[in-house]
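# Observations on the model geometry
In case you want the letters, here they are:
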Amino acid sequence: MPDLDLLTQSLARNVKRWRTERGFTLDTLAARAGVSRGMLIQIEQARTNPSLGTVVKIGDALGVSITTLLDYAQGPTVRIVPEERAVRLWHTDAGSYNRLLAGAEAPGPLELWDWRLMPGESSPSDPHPVGTVELVHVTAGELTLTVDGVEHRVPAGASASFDAGTAHTYGNTGAVPMEMVMTVCVPPVR
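What you see is a predicted model; the values in this text were computed from it and never measured.

## Observations concerning the nonpolar core
In summary, soluble globular proteins display a tendency toward joint burial of nonpolar side chains. Core analysis: the largest hydrophobic core is formed by 41 residues, its most contacted members being Ile58, Leu69, Leu143 and Tyr170. If one sorts the elements of this core by residue count, helix H4 (residues 52-62) sits on top with five residues. In contact with Leu143, other than residues within four places in its own chain, are Val136, Val138, His152, Arg153, Val154, Tyr170, Gly171, Met178 and Met180.

Listed below in structure tokens is the structure:
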């Protein structure tokens, strides 16, 4: 089965599983995630490949990581993710991308990302649930991190943490590719 088909099937199964486990109706999840009921039906029936933003909203509403939503096998306590299994969820023709490297539920979703932004490119993010924290470590170039409308420069070798419960954008205003590793910690659904 091609990777995209496998991910579509996994997403369908896991969204339904976590929605049921949380006791959410389709309407409840739609309202919490800001996603239409029709879109959720298509996702649960594996009839669509939703955008990264939609998957993030659903994960946030369910209180689980993207890794959990895309997981196609429940692994042992130690889970090793081979490089070829890292999931590229966003990319541009110029060469920018992000890859979800690993994730866990501890006690809420915890994700590890690998990012590359080419010069002049950026990636905006909607606010995550209140209490979400992101940590970034820039390994090459310089990140222009905009949080709640304020720009912050994070050079190679430096790290930053911020409250991701507000709109934020990762950007590269430099002349060379920017690379970073990022973690996202979302509080558990209460």
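From this point on, the discussion continues.
## A word on the packing of helix H1 (residues 3-22) against H4
Where H1 meets H4, the closest approach of the two axes is 10 Å, and the angle between their N-to-C directions is 25°. The pairing of H1 with H4 is recorded here as roughly parallel in orientation. As H1 packs across H4, the resulting crossing turns out to be left-handed. Contacts between H1 and H4 pair Leu11, Val15, Trp18, Arg19 and Arg22 from the former with Val55, Ile58 and Leu62 from the latter. Tallied by class, the residues present in the contact of H1 with H4 amount to six nonpolar, no polar and two charged.

## Topic: H1
Counted at 1.5 Å a residue, the expected span for H1 with its 20 residues is 28 Å, and the 28 Å between its end C-alpha atoms agrees. In this structure, the buried side of H1 is in contact with helix H2 (26-33), helix H3 (37-44), H4 and helix H5 (66-70).

## Quick look at the packing of H2 against H3
Contact geometry for H2 and H3: axes closest at 9 Å, N-to-C directions at 110°. Between H2 and H3, the angle is such that the two are roughly perpendicular. Crossing geometry of H2 relative to H3 is assigned as right-handed. In contact with Leu26, Asp27, Leu29 and Ala30 of H2, H3 contributes Arg37, Leu40, Ile41 and Glu44.

## Thoughts on H2
Of all the residues in H2, the buried ones are Leu26, Leu29, Ala30 and Ala33. For H2, the angular spread of buried residues about the axis comes to 100°, placing them on one side. Contact partners of the buried residues in H2: H1, H3 and H4.

## Describing the pairing of strand E10 (residues 178-185)
If a strand is regular, its side chains alternate between the two faces of the sheet. Here E10 shows a buried face lined by Met178, Met180, Met182 and Val184 and an unburied face lined by Glu179, Val181, Thr183 and Cys185. As paired strands, strand E3 (residues 109-117) and E10 are joined by eight bridges and run antiparallel to one another. Each bridged residue has a counterpart across the sheet, and for Leu117 the counterpart in E10 is Met178. Note that strand E5 (residues 133-140) and E10 share seven bridges and pair antiparallel. Bridging across to E10, Val136 finds its partner in Met182.

## Section: the sheet that holds strand E9 (residues 168-171)
Within a sheet, adjacent strands bond to each other through the backbone by hydrogen bonds, running parallel or antiparallel. Strands sit in the order E4-E9-E6-E7 across an open sheet of four strands; the sheet is antiparallel. Two strands bound the open sheet, and with one partner strand each, they are strand E4 (122-125) and strand E7 (150-155). Strand-to-strand, the axes of this sheet are offset by a mean angle of 20°, without reference to chain direction. Pairing between strand E6 (residues 142-147) and E9: four bridges, direction antiparallel. By the bridge assignment for E9, Thr144 is matched with Gly171.

The rules behind each value
- Residues numbered from 1 in each chain as written.
- Predicted model: local features only at pLDDT ≥ 70, side-chain atom pairs only at ≥ 80, totals over all residues.
- Heavy atoms only, no water.
- Core = buried A, V, L, I, M, F, W, Y, C linked by side-chain atoms within 4.5 Å.
- Buried < 20%, exposed > 50% of the residue type's maximum accessible area, 1.4 Å probe, protein only.
- Helix = DSSP H or I, 4+ residues; strand = E, 2+ residues; numbered from the N terminus.
- Contact = heavy atoms within 4.5 Å.
- Axes fitted to C-alpha atoms, helices over the stretch in contact; angles between N-to-C directions.
- Parallel < 35°, antiparallel > 145°, perpendicular 65-115°, else oblique.
- Left-handed = near helix turned anticlockwise from the far one by under 90°.
- Nonpolar A, V, L, I, M, F, W, Y, C, P; charged D, E, K, R; others polar.
- Expected span 1.5 Å × (residues − 1).
- Arc of directions from axis to C-beta.
- Pairing = 2+ DSSP bridges.

Shape is all these values report; function is a separate question.
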